[in-house]
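Here is what each chain is made of, one letter per residue.
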Amino acid sequence: MNTLTTKTVRVEALARVEGEGAFYVKVREGKVEDAQLRIYEPPRFFEAFLRGRSYAEAPDITARICGICPVAYQMSAVHAMEAIFGVRVEGPLRELRRLLYCGEWIESHALHMFMLHAPDFLGYADAIQMAADHPDLVLQALRIKKVGNDIVALLGGREIHPINVRVGGFYHIPKRREWSRIVEELKWARDAMAELVKWTGLLPFPEFEQPYEFVALRHPEEYPFNEGRLVSNRGLDIPISAFEEFMVEEHLPHSTSLHAHIKDRGAYFVGPLARYNLNFDRLSPPVQEAARAAGLGPTCNNPFQSIIVRGVETLYAIDEALRILEDYPEPDAPYVQYEVRGGVGHGCTEAPRGILYHRYVLDDNGVIVSARITPPTAQNQATIEADLRAFVEPRVHLPLNELTWQCEQAIRNYDPCISCSTHFLRLNIERV
Amino acid sequence: MAAGCTVNVWLLASNPPGSVRRNAQGCEVVKNEASIPKTLVLGIGNAWRGDDAVGLLVAQALRAYDLPDVTVMEASTVDPALIPLWQDFDRLILIDAVISDAAPGAVHWFDLSQTPLPTLVSSCSTHSLDLATLIELARTLHQLPPEVWLFGIEGRNLTSGRPVSAAVMMGLERCIEMIVERLRLAPQRQAH
């Protein structure tokens, strides 16, 4: 018998999440007893693949972990290696790394915002239905996304799983003239994105705020991509080398992905919302103004509004790419020289979905002895589950289809990349 | 793009439906009214995931045939950025691994020029938009060539790091024969 408090619900597929997955919510007497984001597929053993390989292979091997955020994997890997070798990548090469990251943020955020998340808010089952009614919106989004793809293709050597990143810099530096078409497209994209940020501010958002602990990189001068200290809104302020002292991962029976939490504190939240809340003052004034025009203050605690924040970050990435390209000092050499030595190195950079931590141990010949990779989705998993608990309970009276829809939307707030944390996932809600 | 080149990057046209067709560099495309139809063969797959690589292998094999007015490309993931890749072609031939109830190596042929892919066949892609969704998105946006064929080769083993299985390699050969034969028999369309 179905009543407000006793129901059994099963949904077999969680759509529009990168990878495949499932979630399970158990409601008894109107109370949520259990909420689990389930990940079934065995871990992908990339950390084991890396053992015995040369340090120089780590950027290209780890880039294979995710087709959406390969740049993040490359960047965290090279920064960890450079920490071991004591090499600093400065000046134009450092700028080009930021440029590459801009490309990845643009393409990843545009895909998520307009192909995966926007249909939720507008009541469409998918991007195809949305495109039928809003073709101009989708075409604009695809054109913006393409600018990001083009940056990654030109500077990364190819679009998917780029191959041009190496420890110390790049293998090859494109000439200034090769960027001219991309610069023109970026100028168009800046105007278009500013309008689209306003558009996201008009979407209908559920009332939902939680007392999150946000964690992101913070740099003295910049909105963070590659460097900074790990900070939180509850006083965490540590070097990335202390990540494992404060962040704990554990295996839970329902998931093959590891659950992360802050030692003695609990779940934390990484990604665009965390970056924004901890670094609003690092955004350029025009981008801050765009955020305000979309109705955001300097902080935002509603994860459904992450679509606005992704828009703000996309605008920032477009603007930052233009700043770098307008100057574009070609470096004297494509990479910095260094000497290989053994040691332990840490890398932590801001993937589109949040901080991506790598730690490597090398022997004296630069061979990888051990590797640890903590992707953002694994770090958000406990927070997603906490959101599901808090979100479902006051909405347990909703018709099943609507509740399921809203739960999926709540998961998509995090843009979970299940292919990063493992691979497949399926959806299953149960009310008893 | 010259026939025979491997493309892991792609380009998105910015022209809305009904406007002047432009190539990826933004140059206006001028066509002869009775030109031979230009065909794009696009093999899709993950080279590192067992049978999922078969679409790439078919593309690589077809490149060696050097078919007239046929461009061969490969893509390692399904992404909206594929849409501009086929903008300037009259016929699109997609090759991908598929999973249905058929035996491994079975070759399915679908004419998607007017109708969507049957839902009982799902592409093996694990990425955010599967191939069927991408095709329908392009159709909705009026960004599909007039003719679209999909050759789906039934796969089974998608284990990371494994080669394409023997049964699926047999399907690869059949698929190549089918594509070459259908191209030979296909009517010469008027370029639009």
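In this text the structure is predicted, and so the values were computed from the model without any measurement.

(A) The arrangement of the sheet that holds strand E5 (residues 215–218) of chain A in detail. Residues and elements named next belong to chain A. Pairing within the open sheet is antiparallel, and its three strands lie in the order E5-E6-E7. On the outer flanks of this sheet lie E5 and strand E7 (237–238), each paired with one strand and no other. Relative to strand E6 (residues 229–232), E5 runs antiparallel, the two sharing four bridges. Looking at E6, one finds that Arg218 is bridged to Arg229.

(B) Up close: the side chain of Arg98(A). Inspection of the secondary structure puts Arg98(A) in helix H4 (residues 91–122). Residue Arg98(A) is classed as buried on the basis of its relative accessible area, which comes to 3%.

(C) Molecular detail of helix H3 (residues 166–185) of chain B. Residue and element names in this part refer to chain B. Compared with an ideal rise of 1.5 Å per residue, which puts 20 residues at 28 Å, H3 spans 29 Å between its outermost C-alpha atoms and is within 8% of the ideal. Within the span of H3, buried status applies to Val168, Gly171, Leu172, Cys175, Ile176, Ile179 and Leu183. Projected down its long axis, H3 carries its buried residues within an arc of 145°, all on one side. Along H3, the residues that are exposed and aim more than 90 degrees away from the buried face are Ala166, Glu177, Arg184 and Leu185. Buried residues belonging to H3 abut strand E1 (39–44), helix H1 (54–65), strand E2 (70–75), strand E3 (91–99), strand E4 (107–111) and strand E6 (147–154).

(D) View of the packing of helix H3 (residues 70–85) of chain A against H4(A). Residues and elements named next belong to chain A. Running from amino to carboxyl end, H3 crosses H4 at an angle of 150°, the nearest separation of the two axes being 9 Å. Classified by the interaxial angle, the pair formed by H3 and H4 is roughly antiparallel. Side by side, H3 and H4 meet where Pro70, Val71, Ala72, Met75, Val78, His79 and Glu82 of the first sit next to Arg97, Leu100, Tyr101 and Glu104 of the second. Taken together, the residues that form the contact of H3 with H4 break down as seven nonpolar, one polar and three charged.

(E) Main features of the nonpolar core. Counting residues in each nonpolar core, the largest one holds 152 residues, and the members touching the most others are Met115(A), Leu186(A), Leu42(B) and Trp86(B). Per-element tally for this core: the top contributor is H4(A), with 16 residues. Here Trp86(B) is in contact with Leu40(B), Leu42(B), Leu92(B), Leu94(B), Leu134(B), Ala138(B), Gln143(B), Leu144(B) and Pro145(B), once residues within four sequence places are set aside. Core analysis: the next-biggest nonpolar cluster, separate from the first, contains 24 residues, Ile153(B), Val164(B), Leu172(B) and Ile176(B) among them.

(F) Main features of the pattern of salt bridges. Residues and elements named next belong to chain A. Counted by the stated rule, this structure contains 38 salt bridges over all chains. When the shortest N-O distance is used, the salt bridge between Glu227 and Arg94 registers 3.1 Å. Of the two residues, Glu227 sits in the loop between E5 and E6 while Arg94 sits in helix H4, which places them 133 residues apart along the sequence. Like Glu227, the residue Arg94 is buried in the burial classification. Close ionic contact of Arg275 with Glu313 constitutes a salt bridge, the shortest N to O distance being 2.8 Å. Note that Arg275 is positioned in helix H9 (residues 272–279) and Glu313 in helix H11 (residues 306–327), a separation of 38 residues in sequence. Taken as a pair, Arg275 and Glu313 share a single burial class, namely buried. Salt bridges sharing common partners tie together Arg88, Glu90, Arg94, Glu95, Arg98, Glu222, Glu227, Glu320 and Arg323.

Calculation rules
- Residues numbered from 1 in each chain as written.
- Chains lettered and ligands numbered in written order.
- Predicted model: local features only at pLDDT ≥ 70, side-chain atom pairs only at ≥ 80, totals over all residues.
- Heavy atoms only, no water.
- Pairing = 2+ DSSP bridges.
- Helix = DSSP H or I, 4+ residues; strand = E, 2+ residues; numbered from the N terminus.
- Buried < 20%, exposed > 50% of the residue type's maximum accessible area, 1.4 Å probe, protein only.
- Expected span 1.5 Å × (residues − 1).
- Arc of directions from axis to C-beta.
- Contact = heavy atoms within 4.5 Å.
- Axes fitted to C-alpha atoms, helices over the stretch in contact; angles between N-to-C directions.
- Parallel < 35°, antiparallel > 145°, perpendicular 65-115°, else oblique.
- Nonpolar A, V, L, I, M, F, W, Y, C, P; charged D, E, K, R; others polar.
- Core = buried A, V, L, I, M, F, W, Y, C linked by side-chain atoms within 4.5 Å.
- Salt bridge = Lys/Arg side-chain N within 4 Å of Asp/Glu carboxyl O.

As far as function goes, none of this settles anything; it's purely spatial.
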